[in-house]
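Take a look at the letters that make up each chain.
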Amino acid sequence: TTASDELSSPSFPSILSLSPLFRLQHNRHRYMAAMLKLFTFLSISIFYAAITTASDELSFSASFPSAAMAKEFVRLSDAVYYLRSCKNKHLPSSVTCHTYNHTKGGTQVMIVSSDEKKYVAIVYAGSDNVKNWISDFDVSMSDFGPADNPIVNAKVHDGFNHGVFDEGLFDDIQSTAKELLEQYPGYRIFISGHSLGAAESILTGAAMAHFDPTLNITVINFGCPKVGSREWKDWANSLPNLGVWRLVHREDIVPRMPSTWRFSHVGHTVQLNKRNAKAYYLHYGDKDLGYKSVPWNWESGALATPTASAQHFIRIYVKYVTKKSAKNPDKYFVNDFVKKKAENDVEFATIVY
């Protein structure tokens, strides 16, 4: 009984704590607990640092343009079709034309600025002739850049590439844009175009972003076809100072071309539907970021639509953006990407035009 009383007495823990073995075990447990806390803290810190870094890299390339700027550039992409010189009544009064080029190869491009909206813009003319697009579309490819000095060893559409880099056109464009940006400090730089001009706007934007990493370049275009290989798409999308926004009107057939696995889309897709508008992150989505790709039938559904070719005309884009997007941007323009549903949700993807 005496021994039992001693063992159950309050003094027993203090006696045990004097044991070297107990102190060793106790300190070991404290050490392991401290190390576990440290490991958890470092893991969380590294995780959030990675997220922050990715967010910083996307901060410009995923910065949404406004509906007002989309309206501005759809009007300029329409006006450039009518230009034969900088003196043209089709340009808005708030816009100053600095240069207009029409190369022997057929590329038409103007460089303009706006004191009102504080930008310098490069705008390419395209093609409204959808029948020619479908019957004469050449899918040959070449390394991106001038034929004698490629910028990167990745393939793009040969015709688009020649349109931008032949006859020293790109060098002239880059030089003029640089001079204007020095003349107007604080102005932003935009590149735009419709159809063929949209494709050339992406190639120009990627080249300029590559040669001047300090320059943030926004491409806003309309009815853009696929321009390059998967490797080139990955390279262009990795440029942190390039943001590409391709507006696609309903079933427009041209953005679904060329209909071959060799070509991929660059940048974000802004789908202008009949009853809404949706933005798809880098067209193909991103599982890690939780963003969806375009619907599975985005291409096949349009290819089976009889009116798909009629959706490509620049006047159709002008009407939608000026009458819908600019007047009701909450419904007919975008400010966020379509997000993936929870894994246990079942979704049957359909395009609602």
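Residues numbered from 1 in each chain as written. Predicted model: local features only at pLDDT ≥ 70, side-chain atom pairs only at ≥ 80, totals over all residues. Heavy atoms only, no water.

Peer 1: Run through the sheet that holds strand β2 (residues 108-114), naming residues and quoting values.
Peer 2: Strand order across the open sheet formed by eight strands is β1-β2-β3-β6-β7-β8-β9-β10, with mixed pairing between neighbours. At either end of the open sheet lies a strand with only one pairing partner, and these are β1 (95-102) and β10 (277-280). Taken over all neighbouring pairs, the strand axes of this sheet differ in orientation by 20° on average, direction set aside. The pairing of strand β9 (residues 268-272) with β10 spans four bridges and is antiparallel. Its bridge partner lying in β10, T269 is registered against Y280. (Pairing = 2+ DSSP bridges. Helix = DSSP H or I, 4+ residues; strand = E, 2+ residues; numbered from the N terminus. Axes fitted to C-alpha atoms, helices over the stretch in contact; angles between N-to-C directions.)

Peer 1: Tell me what's going on with helix α4 (residues 67-79), and back it up with residues and numbers.
Peer 2: Here α4 spans 18 Å end to end across 13 residues, near enough to the 18 Å set by a 1.5 Å rise per residue. Of all the positions in α4, only A67, M69, A70, E72, F73, V74, L76, S77 and A79 are classed as buried. (Expected span 1.5 Å × (residues − 1). Buried < 20%, exposed > 50% of the residue type's maximum accessible area, 1.4 Å probe, protein only.)

Peer 1: Just give me the short version of the packing of aromatic side chains, but keep the residues and values in it.
Peer 2: Summed over the entire model, instances satisfying the criterion amount to 18 aromatic pairs. Plain terms: the ring middles of Y281 and F337 are 5.2 Å apart, the flat faces sit at 85° to each other, and that makes the pair edge-to-face. Separated by 56 residues along the polypeptide, Y281 in the loop between β10 and α10 (298-303) and F337 in the segment after α12 (329-332) bring together distant segments of the chain. With respect to class, Y281 is no different from F337; both count as buried. Three or more aromatic residues link up through ring pairs in this structure, and these residues are F144, F165, F170, F211, W232 and W235. Above the plane of the ring of W298 lies R256, whose end atom (NZ or CZ) is 3.9 Å from the centre. Just above the ring of F313 sits the side chain of R315; from NZ or CZ to the centre is 4.7 Å. (Phe/Tyr/Trp six-rings, centres within 6.5 Å; stacked < 30°, edge-to-face > 60°. Lys NZ or Arg CZ within 6 Å of the ring centre and 35° of its normal.)

Peer 1: Describe the state of the cysteines, with residues and values.
Peer 2: Applying the stated rule across the entire model yields one disulfide. Here C86 engages in a disulfide with C97; their sulfurs sit 2.1 Å apart. In this structure the cystine formed by C86 and C97 twists about its S-S bond by roughly -55°; its chirality is therefore left-handed. Of this pair, C86 sits in the loop between α4 and β1 while C97 sits in strand β1, and the two are 11 residues apart along the sequence. (Disulfide = S-S within 2.5 Å.)

Peer 1: Help me get a handle on the side chain of S192, residues and values and all.
Peer 2: Note that S192 resides in strand β6 (residues 188-194). A relative accessible area of 1% places S192 in the buried class. Beyond its immediate sequence surroundings of up to four residues, S192 is in contact with F73, S77, I122, V123, Y124, G197, S201, I220, N221 and F222. (Contact = heavy atoms within 4.5 Å.)

Peer 1: Can you tell me about a positive patch on the surface, naming the residues and giving the values?
Peer 2: On the surface, K71, R75, K319, K323 and K327 cluster together to form a positively charged patch. Of all the elements in the fold, those that place two or more residues in the positive patch are α4 and α11 (314-325). In this fold, K323 is placed in helix α11. By relative accessible area, K323 is classed as exposed at 54%. (Patch = residues over 30% accessible without salt bridge, like charges linked within 9 Å, V, L, I, M, F, W, Y side chains within 5 Å. Areas by Shrake-Rupley, 256 points an atom, 1.4 Å probe, with all protein chains shown as cover. Salt bridge = Lys/Arg side-chain N within 4 Å of Asp/Glu carboxyl O. Lys, Arg positive; Asp, Glu negative; His and termini not counted. Charge placed at Lys NZ, Arg CZ, Asp CG, Glu CD.)

In short, geometric facts, not functional conclusions.
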